Amino acid sequence: QHDLTGWWENELGSRMHVSTVDSQDNFSGEHHTTVLNTQKPIKPSPLVGSQHLGEDGQCTFGFTINWKKFSDSTAIFVSQCFAGAGGEEVLQTIWLLREKVDSLPSDWKAIR
């Protein structure tokens, strides 16, 4: 069975801390990014999410990060937790980031 609570770090050095997972499988924490392109100082940002823990112990989950402290963007992540070759927990994640743009014709450049 996988446990999301604690610190996680990706290959680019960004870190996520999941503080609690409640009885409804909702969780919260904060994200410390190292890769956002912004002119303002980067600060830890709140995250909220939900997990689905299957009967086989496999965990899929998703979460949202609001970068409001230093950016006009929001990101969503969807993930699955696996057991690595050495027994360590490994998160495989894909993400989508939406930036605020000034007009509808600029919408094409708002998503990464």
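Here's what I pulled together on the structure shown here. None of these values were measured; they are calculated from a predicted model.

A few words now on the pattern of salt bridges. Under the counting rule described, the total for this entry stands at four salt bridges. A salt bridge links Glu9 to Arg15; the nearest nitrogen and oxygen atoms lie 4.0 Å apart. Residue Glu9 is classed as exposed on the basis of its relative accessible area of 57%. Here Arg98 makes a salt bridge to Asp107, at a shortest N to O gap of 2.5 Å.

Taken as a class, soluble globular proteins show a tendency for nonpolar side chains to be buried jointly. Core analysis: the largest hydrophobic core is formed by 16 residues, its most contacted members being Phe27 and Phe63. When contributions to this core are tallied by element, the ones reaching two or more residues are β2 (15-21), β5 (59-66) and β6 (73-83).

Now for the environment of Cys81. Within the fold, Cys81 resides in strand β6. Judged by its relative accessible area of 0%, Cys81 falls in the buried class. Separated by 29 residues in sequence, Cys81 and His52 place their C-alpha atoms 11 Å apart. In this structure Cys81 touches His2, Gln58, Cys59, Phe61, Glu89, Val90 and Leu91, once residues within four positions along its chain are discounted.

How each quantity is defined
Residues numbered from 1 in each chain as written. Predicted model: local features only at pLDDT ≥ 70, side-chain atom pairs only at ≥ 80, totals over all residues. Heavy atoms only, no water. Salt bridge = Lys/Arg side-chain N within 4 Å of Asp/Glu carboxyl O. Buried < 20%, exposed > 50% of the residue type's maximum accessible area, 1.4 Å probe, protein only. Core = buried A, V, L, I, M, F, W, Y, C linked by side-chain atoms within 4.5 Å. Helix = DSSP H or I, 4+ residues; strand = E, 2+ residues; numbered from the N terminus. Contact = heavy atoms within 4.5 Å.

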